[in-house]
Each structure stands twice: as C-alpha cells, then as structure tokens.
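# Report on the structure
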Amino acid sequence: MAVRVSWLEKALKPDSDPIAASFGWLEKFLAPEEDRAERRRVDQFAAYRWNGSALTQEAVRDISSTGLYLVTKERWEPGTILTLNLQREGSLELDPARRITTQAKVARCGTDGVGLTFLWSKDDPESRRWETLLESLIEQTKPRDMQSLVQMVEAFAFLGRICSEGAEEIGEWVRTRASSHKVLNAVSIALKTENVLGLDLAGTRARVNPQVAVRILEIGSGTDEEWLHGFWAGLLITSISPDGRDTTNLEFVELFSQLTSIPIRIFTVVCTRATKVLSESGKVIAKPLACNMEELVATVGSRGSLIERDLEALSGFQLIEIRAGSASALLRSNEVYITPTTLGLQLFALCNGHRGTPREFYF
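Below, the structure is looked at part by part. From a predicted model like this one, the values you see are computed outputs, not experimental measurements.

## Let's talk about the overall build of the chain
When its secondary structure is counted, the chain shows 15 helices and 14 strands. Residues classed as buried in the chain amount to 50% of the 363 residues present. Considering only residue pairs separated by 6 or more positions, the chain has 70% of its internal contacts joining residues 24 or more positions apart. Taken as a whole, the chain presents about 17600 Å² of accessible surface, with 48% of it coming from carbon and sulfur.

Next comes the structure, spelled out in structure tokens:
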C-alpha cells in the first residue's frame, strides 16, 4: 500500500499555528529522490499496529519521506514487513485524511527501537487495488475504535501479501455479497492465518489462488464461532502454493462447507481421539473409536434426538464410518463405534493448517 503524501501532511499537522510552523518541511514531503532523506523529530505522533493478539501503540521518534524510527522493545529481523496506522496520539481519527495506513520494512535495529523504510508501491497496479479495497472497507464498516481499524488493516494487508492478485475478486465479494458483519469475520480468519504462518512466507513468492481465497472467506465468514474461524484459517494456509495457481484445496473447502457446527464438533472429537496406525501401504488409518452416546452428546453440545442425524451426515460425506452402517441401529445400545476415514483424516489435517503429509501430522 502506498503512503499518500497528503495524508501524512494532514495527519502530522497540529492544530496550533506555532507548532504547525515547525512542520513546514512536510509541505515538501514527496516520494524519495535520494538514497537517504532528511529525518525530522516529531512529537505526540504514534504508530498503531496489531501484534497478533492485541492493539499496540508505539511512539514515532522521527520521520522522513523514506521511513521512520519506531521506539519499541521489539527487535525484528531486517526485512520484516509491518503494517502501521500512523496518526497523532489519542483516540482513533475518524477522518481518514488525518491518519496514514502503510506498510514498512525493518531496515535496522537501534538501542531503543527500529528504523523502518516505507514500501513505496505507487507504480504497482495491484498495490493500488488493495489500497482502494481497504479504503472502501473502512468506509463500509466504519470502525469506531483504533483496535477495530488496526485489525482490519492488518488482515487485508496480509491478504494482499498471500493473494496479491486477488484484490478484484475479493473486492467484488465485499461490494456485492458481504455484509459488514461478514467482513469482520473474514478479518478474524485472516488474522488467525497470519498468526499461524508467522514469518514462514517471508522472502517467498508463495501465494493463494484468488478463487480459493474468496471461497474460504465467503463461506467461513458465515459463522461467528471463533474456533471455526481457526479451521477456515487452516484451509487458507493449506491452499498456499509456490505460484498461487493451485486449486486442489477447493474440493476440501466445498466439502467442509457442507458441515454445520455440531457435526464439525463430532468430527473433531473422533479425529482427535481415535488411535491412528500405518497400514501396510504406509497410509494413515484410524481404529474404531468406542463412543458412549450420552458422553458424546454432552461433549459436542448436541441434543440427543439430533445426534443420529449428525452422525449420518458425516457418514454420508464419507468422513466417518459407523459400525453396521447405520447410526440408528446402534443408538439403541448407547454405544457406537466411529472410525474416521482416510478422507476424514486428510481433511482434519488440512483444517489444522498442516501443509505436509497426513503421516507427518498424526505421527
């Protein structure tokens, strides 16, 4: 995302005329033409960012047309990319002209902070599309506090990195089919994905196919359950490929989209508890899991009369096998033997963000 010069001028400009005079240099704030631009100290100016679990505010010591110095206890590796919201210290500036949303790269570490270089991308069409998308999202959802804004900015900056060619497709979903509430759920999925990946993608060109990314965000944003956002994040992680063209995961996305909350809870219980072994051919298979029906109902929060339907749904999608081929015949004995299938075990590993083989995940 490009730093927009007019934003920085307005964001830094204080209300007091005497103080404003000291910022006259900002009127000449332009894209860098020299290797190292002059940096000037600023007061009461802060950078707000999402650290993976909470809103963080840190002071900006000085700033120039090429970067800034951030006072922080963190010491990131050079090359690390941060998404920042820059404005005067205090509550969220509702006027977008008085704050800056940008990405910056760690250039060096100092004794009390880090030096950052702005990622100038004014000539990149995809970057401009993502910036336009973010502005429309902020206008659509109208975040009322700094944390909401920072989370949204971080989430869509991350999506821009792993799905750089997807601004048009994701933007079309946002404009035509996504409510503000769904957008916030999509933010949750994206942030969970970023938390798991960490720096795994740093310096690589690995990407997610836009078609797959949109489908995951569209379906996954339909639930408010945070733990399910984690599973959708896992599917987003496992959709990453070196060239961003792979759509293999789409069939698993569509399969998982058929399941509602209670069947997914049952699926999670049996895939977690069942004993896994290697077959003679080297495939991961599961042994039948003996389940007390009363305990299973209590564990997954189902109503007893509906558990039969949920088991049959999982069996119908070939994610589990039920001994004797029918849930209804076994429910009379209050105990049922459930076996996750090879397909079920594979889907569960993908939902947990595992990009290797099932054998590596379960053993």
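Further notes follow.
## Considerations on the packing of aromatic side chains
This model, assessed by the stated rule, comprises seven aromatic pairs. What links up through ring pairs into an aromatic cluster is the set Trp 227, Phe 231, Trp 232, Phe 256, Phe 267, Phe 348, Phe 361 and Tyr 362. Above the ring of Tyr 69, the side-chain terminus of Arg 61 is found at 3.8 Å from the ring centroid.

## Brief notes about the sheet that holds strand β14 (residues 335-340)
Here we have three strands laid out as an open sheet, ordered β12-β14-β13, and antiparallel in their pairing. Every other strand in the sheet has two partners, leaving β12 (289-292) and β13 (320-322) as the edge strands with one partner each. Put simply, the sheet's adjacent strands are angled 35° from each other on average, direction ignored. One ladder, built from four bridges, connects β12 with β14; its direction is antiparallel.

## Digging into the pairing of strand β2 (residues 45-50)
The buried fraction of β2 amounts to six of the six residues, a majority that puts the element mostly inside the structure. Along β2, one buried face is formed by Phe 45, Ala 47 and Arg 49 and the opposite face, lined by Ala 46, Tyr 48 and Trp 50, is buried too. Here four bridges tie β2 to strand β5 (residues 81-88), and the two strands are oriented antiparallel to one another. Looking across to β5, one finds that Ala 46 is bridged to Gln 87. Relative to strand β3 (residues 55-63), β2 runs antiparallel, the two sharing five bridges. Bridged to Ala 47 within β3 is Glu 58.

## Describing unusual backbone geometry
Unlike most non-glycine residues, Gln 44 shows phi in positive territory, near 55°. Topologically, Gln 44 is positioned in the loop between β1 (40-41) and β2. Its identity as a non-glycine residue notwithstanding, Lys 142 has a phi of 50°, on the positive side. By the element assignment, Lys 142 lies in the loop between α3 (125-141) and α4 (146-162).

## Overview of the side chain of Lys 276
Here Lys 276 shows up in strand β10 (residues 276-278). A polar contact of 2.3 Å, which involves the side chain of Lys 276, links it to the backbone oxygen of Cys 271. There is a polar contact of 3.3 Å between the side chain of Lys 276 and the backbone oxygen of Thr 272. Non-local contacts of Lys 276, meaning those with residues more than four positions away in its chain, are made with Cys 271, Val 284, Ile 285, Ala 286, Leu 345, Tyr 362 and Phe 363.

## Considerations on the environment of Leu 184
Along the chain, Leu 184 turns up in helix α6 (residues 180-197). Note: C-alpha distance between Leu 184 and Ser 221 (37 residues apart in sequence) is 7.8 Å.

## Re the pattern of salt bridges
If you walk through the whole model with that rule in mind, you get 13 salt bridges. Here Arg 215 makes a salt bridge to Glu 218, at a shortest N to O gap of 4.0 Å. Of this pair, Arg 215 and Glu 218 are both found in helix α7 (residues 210-220), three residues apart, which corresponds to roughly one turn of the helix. The partly exposed category is assigned to Arg 215, whose relative accessible area is 29%. For Glu 218, a relative accessible area of 19% puts it in the buried group. The partner of Glu 225 in a salt bridge is Arg 265, and the shortest N-O contact between them spans 3.0 Å. One end of the pair, Glu 225, is in the loop between α7 and α8 (226-237); the other, Arg 265, is in helix α10 (residues 261-273), and 40 residues separate them in sequence. Assessed through its relative accessible area of 24%, Glu 225 is described here as partly exposed. Connected via shared salt-bridge partners are Glu 172, Arg 177, Arg 215, Glu 218 and Glu 254.

Definitions and cut-offs
- Residues numbered from 1 in each chain as written.
- Predicted model: local features only at pLDDT ≥ 70, side-chain atom pairs only at ≥ 80, totals over all residues.
- Heavy atoms only, no water.
- Helix = DSSP H or I, 4+ residues; strand = E, 2+ residues; numbered from the N terminus.
- Buried < 20%, exposed > 50% of the residue type's maximum accessible area, 1.4 Å probe, protein only.
- Contact = heavy atoms within 4.5 Å.
- Areas by Shrake-Rupley, 256 points an atom, 1.4 Å probe, with all protein chains shown as cover.
- Phe/Tyr/Trp six-rings, centres within 6.5 Å; stacked < 30°, edge-to-face > 60°.
- Lys NZ or Arg CZ within 6 Å of the ring centre and 35° of its normal.
- Pairing = 2+ DSSP bridges.
- Axes fitted to C-alpha atoms, helices over the stretch in contact; angles between N-to-C directions.
- Polar contact = N/O pair within 3.5 Å; in protein donor to acceptor, adjacent residues only side chain to side chain.
- Salt bridge = Lys/Arg side-chain N within 4 Å of Asp/Glu carboxyl O.

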